[in-house]
Every structure is written in C-alpha cells, then in structure tokens.
Amino acid sequence: MDEASWAKTESSTFEYSYTIEKPTDKQTTRFRMLWDETSLYLFYHFEDKFLTARETKRDGATYLDDCAEIFIIPVPDSLDTHFGFEINMYKATNDILYFNNYYKGKNVGLKTFNPTIRSEVSINGTINDNSDIDQGWTMEIEIPIAVFGFLSDFEPVQKGNQWAFLAVRQDRNELEGDRRVTSTLFPIYDIEKDVHQPQRFGLMEFVD
C-alpha cells in the first residue's frame, strides 16, 4: 500500500457479513482495484485477530481458511458462468470456472481451469496460534487479462467498459471445524446456498 498507484485508488469496505456468532467474528476488510492493458490488480487488507490456514494444495478447500476471493464475469451482466479465484495465506489457489444451474438445477465448478496468476501476502501475526492476538494480513493479486481468453473480447478492458464481479472474504477464526465468517462487497441473497450468486454481483468500471 505504500506504492503511489494504490494510494490513488478508491478504498471499499466489505459491509455485508454472514454467519456471525461471536463478537470477535466481525472484522474489517478494505479492498482496492487497479487495471492496465494486461492485468487486473486487487489489494485486500484484512483486520484479523486469529490468522488461520490449513490448505497448501492447489484446487483444495482454501475457502475453509482465511481466504481472499474474487468472482468475475467479463461482461456487465449476471451470466450463469463466472471465473473464480480463491487464495489463502499460504498462496494456495482454488481457481475455477463456475457454472450456475449447469444441469437439473445443479451448480458445478470446473477445477481443471488452472491459469497463471500472481499473489503476494504480508502477515502481521502468527498463523494457527490462537494463544495470541494477531493484527491481520494483506494480499495483492495480479490476474492477467489473458486468463479470460476470447471471453474478454466481448467487453474489452478499456476506459468506460464494465465487468460484473463479487469480492469476498472468508474469515476462519477457529483451528478446528469448518465454521467461518463470510463477508462480501455486495449483498447476497442466501448464504446457506453459497456466494456464487451472479444476480447479486456488482460492476467494476475501467476508468483512468
């Protein structure tokens, strides 16, 4: 965040949180975005008292850890297919092509989609040690436009165009079990379903 380019960007806060059970569950997330002709850039700043991660393999259950997520549709519409990127503090990545209502009402994620993206993590605390109180962590992600292939040609990355997206935080504060708090940039209908609800995605607009 000490780079001049990030200082010029709009900072958004994740205002919508789900599965809150304890006072310590509500934690602040700040989010920024940048773009150029070759890539999208994301910056997440997580307040986090208990840093927690277990997954180390690609295409594993990173969403059960402290995790940064972004879902993208490279057109300004709520299509039934979107790109998903989920990364934890170990930089283990679950990247998927997600199909809503693929067949007979079933949603599926294609995990053989394994693009090359870059991420870097900064940690202020100790992972998987709840005997102390941590400060939090940050993640910066670069997603090359080439990842979206010809699908990005319908609404090219250029000034004035828009893509649909949802930025998500998974916040795991307990070493055992799978309970975590989900926070989103835009509100979703029913967390009991999942966060893959493209009709609730918002829009990013490419501006100078």
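Residues numbered from 1 in each chain as written. Predicted model: local features only at pLDDT ≥ 70, side-chain atom pairs only at ≥ 80, totals over all residues. Heavy atoms only, no water.

*Asks:* Could you clarify how one ought to interpret the environment of Cys 67 in this entry?
*Replies:* On the secondary structure map, Cys 67 appears in strand S5 (residues 67-73). Its relative accessible area of 0% is what places Cys 67 among the buried residues. Through-space distance from the C-alpha of Cys 67 to that of Phe 50 is 13 Å; in sequence the pair is 17 residues apart. With residues near it in sequence (within four places) discarded, Cys 67 still touches Phe 46, Thr 62, Glu 86, Ile 87, Asn 88, Trp 137, Val 168, Arg 169 and Gln 170. (Helix = DSSP H or I, 4+ residues; strand = E, 2+ residues; numbered from the N terminus. Buried < 20%, exposed > 50% of the residue type's maximum accessible area, 1.4 Å probe, protein only. Contact = heavy atoms within 4.5 Å.)

*Asks:* Just checking my understanding: could you explain the sheet that holds strand S3 (residues 29-35) for this structure?
*Replies:* Across a sheet, strands are paired by hydrogen bonds formed along the backbone, either parallel or antiparallel in direction. Spatially, five strands are ordered S1-S3-S4-S10-S9 in an open sheet, and the strand pairing comes out antiparallel. Edge positions in the sheet fall to strand S1 (12-13) and strand S9 (118-124), since each of these pairs with one other strand and no more. Here seven bridges tie S3 to strand S4 (residues 39-47), and the two strands are oriented antiparallel to one another. When the sheet's bridge partners are listed, Thr 29 is paired in S4 with Phe 46. (Pairing = 2+ DSSP bridges.)

*Asks:* Before we go on, may I ask you to explain unusual backbone geometry in this structure?
*Replies:* Of note in the backbone geometry, Thr 19 takes a positive phi value of approximately 60 degrees without being a glycine. Relative to the assigned elements, Thr 19 resides in the loop between strand S2 (16-18) and S3. For Thr 19, a relative accessible area of 32% translates into the label partly exposed.

*Asks:* I'm lost on a nonpolar patch on the surface in this one. Help?
*Replies:* Nonpolar side chains collect at one region of the surface, where Phe 150, Leu 151 and Phe 154 lie side by side and expose about 350 Å² of accessible area between them. Relative to the assigned elements, Leu 151 resides in the loop between strand S10 (136-144) and strand S11 (162-171). (Patch = residues over 30% accessible without salt bridge, like charges linked within 9 Å, V, L, I, M, F, W, Y side chains within 5 Å. Areas by Shrake-Rupley, 256 points an atom, 1.4 Å probe, with all protein chains shown as cover. Salt bridge = Lys/Arg side-chain N within 4 Å of Asp/Glu carboxyl O.)

*Asks:* Can you help me understand the pairing of strand S8 (residues 106-110) in this one?
*Replies:* Within a regular strand, side chains alternate between the sheet's two faces. Note that strand S7 (residues 93-103) and S8 share four bridges and pair antiparallel. The partner of Tyr 103 across the bridge, within S8, is Lys 106. Where S7 folds back on S8, the antiparallel hairpin that results is connected by two residues, among which Lys 104 adopts a positive phi of roughly 55 degrees.

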